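# A closer look at the structure
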Amino acid sequence: MIICTIYKSPLKDEMYLYVDKKDELKKVPEALIQMFGAPSHLMDMPMLPGRKLARVDVEKMLEGIKEKGFYLQMPPPKEDYMLDLYPNRPETGVR
């Protein structure tokens, strides 16, 4: 079991970074931090193989943390039909 720290990206909606709490962000490459933005702490939670999370395969997430020191959860793909609902929305709207 590891205690997983989850960070939210301030630049991309629904992008999260999972790391081992004991290592924090030490193993995350600087280039990834630049792309991710200043990580905002979301929560800490114990992770065991077999645990269920909404949009993350826990086995892959634990493997990524073990091998690379982090796991990056990308935002889900946007549905094309949803983008056509508001073609004239302002640039400052939802990304």
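Everything that follows concerns the structure shown earlier in this document.
One structure accompanies this document, and this report is about it. (Residues numbered from 1 in each chain as written. Predicted model: local features only at pLDDT ≥ 70, side-chain atom pairs only at ≥ 80, totals over all residues. Heavy atoms only, no water.)

## Remarks on the pattern of salt bridges
Under the definition given, this model contains four salt bridges. One salt bridge in this structure joins D20 and K22, with 3.9 Å as the shortest N-O distance. (Salt bridge = Lys/Arg side-chain N within 4 Å of Asp/Glu carboxyl O.)

## Brief notes about the side chain of D23
Residue position: D23 is located in the loop between β2 (16-20) and α1 (30-36). Classification of D23 as buried rests on a relative accessible area of 18%. Side chain to side chain, D23 and K27 meet in a polar contact 3.4 Å long. (Helix = DSSP H or I, 4+ residues; strand = E, 2+ residues; numbered from the N terminus. Buried < 20%, exposed > 50% of the residue type's maximum accessible area, 1.4 Å probe, protein only. Polar contact = N/O pair within 3.5 Å; in protein donor to acceptor, adjacent residues only side chain to side chain.)

## With respect to the side chain of Q73
With respect to the secondary-structure elements, Q73 resides in strand β4 (residues 71-73). Side chain to side chain, Q73 and Y18 meet in a polar contact 2.7 Å long. Excluding residues that lie within four positions of it along the chain, Q73 makes contacts with E14, M15, Y16, Y18, R55 and V56. (Contact = heavy atoms within 4.5 Å.)

## Considering the sheet that holds β2
The strands making up a sheet associate through backbone hydrogen bonding, with each pair oriented either parallel or antiparallel. One open sheet accounts for four strands, arranged β3-β1-β2-β4; its pairing is antiparallel. Across the chains shown, the open sheet's two edge strands, defined by having one partner strand only, are β3 (40-47) and β4. Going across the sheet, the axis of each strand differs from the next one's by a mean of 25°, ignoring polarity. Examined bridge by bridge, β2 and β4 share three bridges and lie antiparallel to one another. Its bridge partner being in β4, L17 is matched across the sheet by L72. (Pairing = 2+ DSSP bridges. Axes fitted to C-alpha atoms, helices over the stretch in contact; angles between N-to-C directions.)

## Description of the environment of D20
Position of D20 among the secondary structure elements: in strand β2. Residue contacts for D20: discarding those within four places in its chain leaves I2, I3 and I65.

## Side note on the environment of Y7
One can find Y7 in strand β1 (residues 2-8). In sequence terms Y7 and F36 are 29 residues apart; their C-alpha atoms lie 9.8 Å from each other. Residues within four places of Y7 in sequence aside, it is in contact with M15, Y16, L17, V19, E24, L25, F36, P39, S40, H41 and L42. Looking at Y7, its side chain comes within polar contact range of the side chain of E24, at 2.6 Å.

Keep in mind these values describe shape, not function.
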